[in-house]
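Results of the structural survey
Below are the chains, spelled out letter by letter.
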Amino acid sequence: MVHHSGSIQSFKQQKGMHTSISEILKEKSLKPSRRSLPCLAQSQTHPTNLNHFLSVPLSPEPKPEVEGLSQSISTSCSLLPPQTEDGKDHFVEESEVSTCETRADESFLLQKPVTRAKLEARTDSVQRKKPTDSSGLFFRDGKKRIDYILVYKKSSPQVEKRCTFEKNLRAEGLMLEKEPSLTNNDIMFVKIHATWDTLCKYAEQMNIRMPFRKKCYFTDWKSKTLGSRFHLRCRQIKSWLPRNPMKLDKEALPDLEETDCYTAPFSRARMHHFTINNRETFFSNSTRSRIVHHVLQRTKYEDGKSKMGINRLLGNNTYEAAFPPHEGGYKSRHSIKTHGAQNHRHLLYERWARWGMWYKYQPLDLIRRYFGEKIGLYFAWLGWYTGMLIPAALVGVFVFLYGLLTMDASQISKEICEANTTIMCPMCEENCEPWTLSDSCVYAKVTYLFDNGGTVFFAIFMAIWATVFLEFWKRRRAELTYDWDLIDWEEEEEELRPQFEAKYSRMERVNPISGKPEPFQPFSDKLSRLMVSVSGIFFMISLVLTAVFAVVVFRLIAMEKFASFNWYFVKKNWQFATSGTGVCINFMIIMSLNVVYEKVAYLLTNLEHPRTESEWENSFALKMFLFQFVNLNSSTFYIAFFLGRFAGRPGKYNKLFSRWRLEECHPSGCLIDLCLQMGVIMFFKQIWNNFMELGYPLLQNWWSRRKMKKGGGGGQNVENKAQLPQWDKDWNLQPMNAHGLVDEYLEMVLQFGFTTIFVAAFPLAPLLALLNNIIEIRLDAYKFVTQWRRPMPARATDIGIWHGILEGIGVLAVITNAFVIAITSDYIPRFVYAFKYGPCVNKRHHHGNECLQGYVNSSLSVFDMGELNNRNHSGYCRYRDYRAPPWNTVPYEFTLQFWHVLAARLAFIIVFEHLVFGIKSFIAYLIPDMPKDLCDRMRREKYLMQEMMYEAELEHLQKERKKNGKRYHHEWP
């Protein structure tokens, strides 16, 4: 938003602005927009039944009526009436006098009026629950809310560092209280509370945007137009239709009622501009935790610039953990429909994390309030991606069903199944017998399911789908950043990493944006570290290629063994046996190497010393993506583009190390091998990821509870977990990964690659991805709400580097699908045969199957087995290639049909790529990144904010003059 500066009156005269906001509101008919609804609550709203978590009226006497709910408190932090009382913070090991003690307001100013009887009943309820709640979410006095928890071991030798750090925290204005663990005698908890003055101080430093005091509305300039009447008519028709079952119930989710308002960067000097009806709830829990985390990151524990930050103390085991507390339990004995939600965590569990809510939309606003904007954007993107998979999955299923319904009518499958007299050449030179082509009838039919006439259409569709998905996500992201007040956040709040500040504290330069000196990394140092990191990346990629080469060697050995196997069933289906065992071994290697890649990527990223947290995450994410993408897709690329391309011919096969003959494709093509590779890896990887995301934390938490019941930590034998305070419960949960959301995004981006890159070979990939994502959303929700400690509520404006990676995958998908259709599938050879060599060449009207008669015989060449050294074999056999027969003047040379097919493949690649890229670019041009109505709303808000800032300042100065007995006027003083 725009700050007030200079003479606004002159600016108003130039722009023709109104001198009163009321004149603006009278000018047109008004329609409230999402962010311009009245600020009827603070930046955090509460469920209906949070009596024991909120400050409620404990006195039956009525409170004087407040003059206007929009009237703000015209004081600064330093001038506000003191709402503190002297007291002491009692510690287990030491006691110190607290500087101040913030007292909760007597009531929520904006609550609905309550009767005396209800008030007394609520008071009794609160008093009965107070001991439990005070030990769970508040200090011992039951008033000061816990904003952060630090955990350390009494046996830790880092006592001096810890004491210095805590002393400096108190000097920064934080209040500390210590509690021993009930489950482990060696564990001590440090509860942290941020006072009002501290919150105000750091909110101003961090440029946190807070609710502005004025109530404003966005003027609907099209209220009297025909378009508006049309939309009104559409809404009336929509109201007659049945209610969408996927929408959340507003009555069950009171927190989803819109209570947002205009915001501005917080300033203590302009405190009178902001809506401060209740100090305890003006800063939301997530904002309070973020401010405390900011202080923890920049508080010293020893002398010297590099000796600061909670991250370093966690690294040297001074503290075991640091986390904001959950807002209570996530389950209740009472139904949420009758008794309401106990807290936001309970509300999220009941309306988001339960499996019964799998078909519902996600409560994104509530997720953002509880976990922060960064996690909220992740779930928004995941939900958007899942929704966009629905049309892709439907089209993929239709393509698959088309192949299934027309499988028996396929001319190629018929010819292969009826080729009882066609003798194929032996698959190995020793202990292998010739085999008939009809033995691979099932293989040919399964291949047709994925290699049919709909393959090209589906590949083009998925390339366009990827573009539409990304373009519409940009629009969705723009709406979310606007609704969540993140438009100007990136420029205001990007902070240096403490590790970067500590490393380069001696080298400083003036920041060209802020004009302040800050640590600086020399270009030579940055380049040298980058070169080392790139070398490490190439080394790990070469390790991946080595693993793929090992799998290729295994496939060659397995092919010979299965082709000469004594068991007839295995010998008959040697192709499936070779591909299946190769895929399973490749999957085990992939999952094993992923563990190594993660540690190497973490080491290389720290070696680079990124400047900010976003740069660190982007660098780490890029490395993890490169490692795992190459690891996951190397064998797939081999099967798609190299399998069977360099096998040679009978009598002159190319051999690896002069020992193992290279693989060749089945007479019906290599696409079924690629399909099997994708299906197995995608299916098993999703199962493994879901187990590691939920099953592993469940096992760990179960083991922690088991030790707790037995008193394994030397603490009390706690039978009922409900007896534990909230900090003890949170401590026994699992922490969020050190890499944040990188693992979550990485899993989905790799899935997006599988869904788009080789989708021509596996049209069921979008369906598998859709089913997995429906489960994934609830798995992640359940994990965040119930199995993990509450993560630090971080902010973000987009999904970071992942958007660029997704766009790169979209480009790569066009290229790979073009090559898969042209090279891997038999679409082009069939097309050339039908229009150049088939029986329909001279016919104007023909049917597709009629034109492919004789295609199988045309695609097989002849070899004289007498040329082999094996005396047991004689006569002629067939093999898949376009070569001249042995009785030709130039035997075994490529025929003219081979060159026609090769030219058609190259032409198809060029035409397909240019056509699809042109369509993608045109669609991207047609879809703007930001909706037009959103642009108009943002421009309108900037204009209204200038008006509000002017009137707020004018009103404040007029009150000051009236108080001092001076004359005042309506112009700018």
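Structure report, in brief. The residue numbers shown here count from 1 along each chain, following its written sequence. Where totals are concerned, whole chains, interfaces and linings use all residues; where local detail is concerned, this predicted model gives features only for residues with pLDDT of at least 70, and gives and counts side-chain atom pairs only at 80 or more. Calculation of side-chain values draws on the structure's entire complement of heavy atoms; hydrogens and water are dropped beforehand.

Moving on to the nonpolar core. If you look at the biggest cluster of nonpolar residues, it comprises 149 residues, and the most contacted ones within it are Trp-381 and Trp-802. Contacts were defined at the residue level, with two residues in contact if any of their heavy atoms lie within 4.5 Å. Not counting residues up to four positions away in its chain, the partners in contact with Trp-381 are Phe-469, Trp-473, Tyr-745, Met-748, Ile-799 and Leu-806. Take the buried residues of types Ala, Val, Leu, Ile, Met, Phe, Trp, Tyr and Cys, join any two whose side-chain atoms come within 4.5 Å, and each joined set is a nonpolar core. Only protein chains enter the accessibility calculation, which uses a 1.4 Å probe. A residue is then buried if its area is under 20% of the maximum for its type, exposed if over 50%, and partly exposed in between. Counting residues in hydrophobic clusters, the runner-up holds 42 residues, among them Ile-276, Phe-283, Leu-296 and Met-948.

Moving on, we come to the environment of Ile-291. Secondary structure elements follow DSSP: runs of H or I no shorter than four residues count as helices, runs of E no shorter than two count as strands, and numbering proceeds from the N terminus. Residue placement: Ile-291 occurs in helix H8 (residues 285-297). Among the residues examined, Ile-291 registers a relative accessible area of 1% and is labelled buried. Taking the C-alpha atoms as reference points, Ile-291 and Ala-203, separated by 88 residues in sequence, lie 7.0 Å from one another. Contacts of Ile-291, omitting those with residues within four sequence positions, involve Leu-199, Tyr-202, Ala-203, Met-206, Ile-208 and Phe-283.

What follows concerns the pattern of salt bridges. When a carboxyl oxygen of Asp or Glu is within 4 Å of a side-chain nitrogen of Lys or Arg, the pair counts as a salt bridge. Inspection of every chain in the model, using the stated rule, returns 28 salt bridges. Note that Glu-177 and Arg-140 form a salt bridge whose closest N and O atoms lie 3.4 Å from each other. Highlighted residues: Glu-177 in strand S4 (residues 174-180) and Arg-140 in the loop between helix H3 (116-137) and strand S3 (148-153), separated in sequence by 37 residues. Residues Lys-474 and Asp-929 are paired through a salt bridge, measuring 4.0 Å at the closest nitrogen-oxygen approach. Within this pair, whereas Lys-474 is found in helix H16 (residues 454-483), its partner Asp-929 is found in the loop between helix H31 (896-926) and helix H32 (932-963), the two being separated by 455 residues in sequence. For Lys-474, a relative accessible area of 18% corresponds to the buried category. Among the charged side chains, a network of salt bridges with common partners joins Arg-140, Glu-177, Glu-179 and Lys-191.

So, on to helix H13 (residues 373-405). The span one expects for a helix is its residue count, reduced by one, times 1.5 Å. Relative to the 48 Å expected for 33 residues at 1.5 Å per residue, H13 spans 48 Å between its end C-alpha atoms, a close match to the ideal helical length. We define the bend at each residue as the angle formed by axes fitted to the 7 residues ending at it and the 7 residues starting at it. Approximately 30° is the largest bend angle found in H13, and it occurs at Ile-390, with the proline Pro-391 only one to four residues beyond.

This next bit is on the state of the cysteines. Two cysteine sulfurs form a disulfide in these notes if their separation is within 2.5 Å. Taken as a whole and assessed by the stated rule, the structure comprises three disulfides. The disulfide bridge from Cys-417 ends at Cys-441, spanning 1.8 Å between sulfur atoms. When the S-S torsion is 80°, as for the bridge of Cys-417 with Cys-441, the disulfide is right-handed. Remark: Cys-441 occurs in helix H15 (residues 441-450) and Cys-417 occurs in helix H14 (residues 411-417); sequence separation between them is 24 residues. You can call Cys-417 partly exposed: its relative accessible area is 21%. Of the residues examined, Cys-441 reaches a relative accessible area of 16% and is grouped as buried. Each disulfide pairs two cysteine sulfurs, and for Cys-840 the partner residue is Cys-851, the sulfurs being separated by 2.3 Å. Judged by the sign of its S-S torsion, about -105°, the bond between Cys-840 and Cys-851 is left-handed. Residue Cys-840 is found in the loop between helix H28 (827-837) and helix H29 (848-851), and its partner Cys-851 is found in helix H29; the two are separated by eleven residues along the sequence.

With respect to the element layout, Thr-299 can be found in the loop between H8 and helix H9 (310-315). What makes Thr-299 buried here is its relative accessible area of 3%. Polar contacts, as counted here, are pairs of nitrogen or oxygen atoms within 3.5 Å of one another; within protein the pair requires one atom able to donate a hydrogen and one able to accept it, and residues that are adjacent in sequence qualify only if both atoms are side-chain atoms. Within the structure, Thr-299 has its side chain in polar contact with the backbone oxygen of Val-295 (distance 2.6 Å). Apart from residues no more than four positions distant in its own chain, Thr-299 is found in contact with Phe-165, Asn-168, Leu-169, Glu-172, Met-308 and Gly-309.

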